[in-house]
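# Structural overview for review
Okay, here's what each chain looks like letter by letter:
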Amino acid sequence: AIDRQNPIRIEESFARASGKSAKAGAAFMTIYNQSGQADRLISAKTDAAGMVELHTHIEDANGVMMMREIEGGIVVEKGGTAVLKRGGDHVMLMGLTGPLEDGEKIDLILTFEKAGEIAISVPVNNKN
């Protein structure tokens, strides 16, 4: 059933710190677009980090994987999904305001071009 109130559904979300003395982290999730039109995740924000960007991993000319900000956001086709995962597209959390501890949750606000803002609570799982 399509939720007319919110045609974008977020599932399987989790956040993790990047390393032991992490000043950064990332959030991952699966975005389901149940609307009749393509949409685009254009930004995200949280009180858990000073700066939040949409990132992806790209391979440079030397075969080295590098993180880059995604220009223009992450497209979610109508009736489709976008999977944000390690080694791929993700929500980058920079300048963490505190440690990302297993079992805690961070509040994340995702902004979509058409669906607007969607607030989610993301569990922290540093083992994933």
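Residues numbered from 1 in each chain as written. Predicted model: local features only at pLDDT ≥ 70, side-chain atom pairs only at ≥ 80, totals over all residues. Heavy atoms only, no water.

### Details of the overall build of the chain
Within the chain one finds zero helices and 10 strands. Relative to its full complement of 128 residues, the chain shows a buried share of 42%. Long-range pairs, those at least 24 residues apart, make up 64% of the contacts in the chain with a sequence separation of at least 6. Computed over 14 positive and 18 negative side-chain charges, the separation of the two mean positions in the chain equals 3 Å. (Helix = DSSP H or I, 4+ residues; strand = E, 2+ residues; numbered from the N terminus. Buried < 20%, exposed > 50% of the residue type's maximum accessible area, 1.4 Å probe, protein only. Contact = heavy atoms within 4.5 Å. Lys, Arg positive; Asp, Glu negative; His and termini not counted. Charge placed at Lys NZ, Arg CZ, Asp CG, Glu CD.)

### Some thoughts on the side chain of N33
Here N33 shows up in strand β2 (residues 24–33). For N33, a relative accessible area of 2% puts it in the buried group. Looking at N33, its side chain comes within polar contact range of the main-chain oxygen of Q37, at 2.9 Å. Discounting chain neighbours no more than four positions away, the residues touching N33 are P7, I8, A38, D39, V76, E77, K78, G79 and G80. (Polar contact = N/O pair within 3.5 Å; in protein donor to acceptor, adjacent residues only side chain to side chain.)

### Some points on the packing of aromatic side chains
Any pair of aromatic rings gets described here by the distance separating the centres and the angle formed by the planes. Under the definition given, this model contains one aromatic pair. Lying over the aromatic face of Y32, R9 brings its terminal NZ or CZ to 4.4 Å of the ring centre. (Phe/Tyr/Trp six-rings, centres within 6.5 Å; stacked < 30°, edge-to-face > 60°. Lys NZ or Arg CZ within 6 Å of the ring centre and 35° of its normal.)

### As for the pattern of salt bridges
Here the structure, examined in full by the defined rule, presents four salt bridges. Taking the shortest distance from any N to any O, the salt bridge between R9 and E11 comes out at 2.6 Å. R9 sits in the partly exposed class, given a relative accessible area of 31%. The exposure class of E11 is partly exposed, given its relative accessible area of 30%. (Salt bridge = Lys/Arg side-chain N within 4 Å of Asp/Glu carboxyl O.)

### Concerning the sheet that holds strand β6 (residues 74–76)
With antiparallel pairing, the four strands of this open sheet are ordered in space as β6-β3-β9-β10. The open sheet has two edge strands with one neighbour each: β6 and β10 (116–123). With direction set aside, neighbouring strand axes in the sheet form an average angle of 35 degrees. Inspection of the sheet shows strand β9 (residues 105–112) paired to β10 by eight bridges, in the antiparallel sense. Bridge pairing in β10 links K105 to P123. (Pairing = 2+ DSSP bridges. Axes fitted to C-alpha atoms, helices over the stretch in contact; angles between N-to-C directions.)

### Let's talk about the environment of I31
Turning to its location among the elements, I31 is positioned in strand β2. For I31, a relative accessible area of 0% puts it in the buried group. Apart from the residues lying within four places of it in its own chain, the contact partners of I31 are I8, R9, I10, L41, V76, G80, T81, A82, L84 and F112.

### Focus: the pairing of strand β5 (residues 65–69)
Sheet topology note: the strand β4 (residues 49–59)/β5 ladder contains five bridges and is antiparallel. Residue pairing across strands places I58 opposite M66, the latter belonging to β5. From the end of β4 to the start of β5, which pair antiparallel, there are five residues, and G63 there has a positive phi angle of about 80 degrees.

Scope: geometric values only; no functional claims are made or implied.
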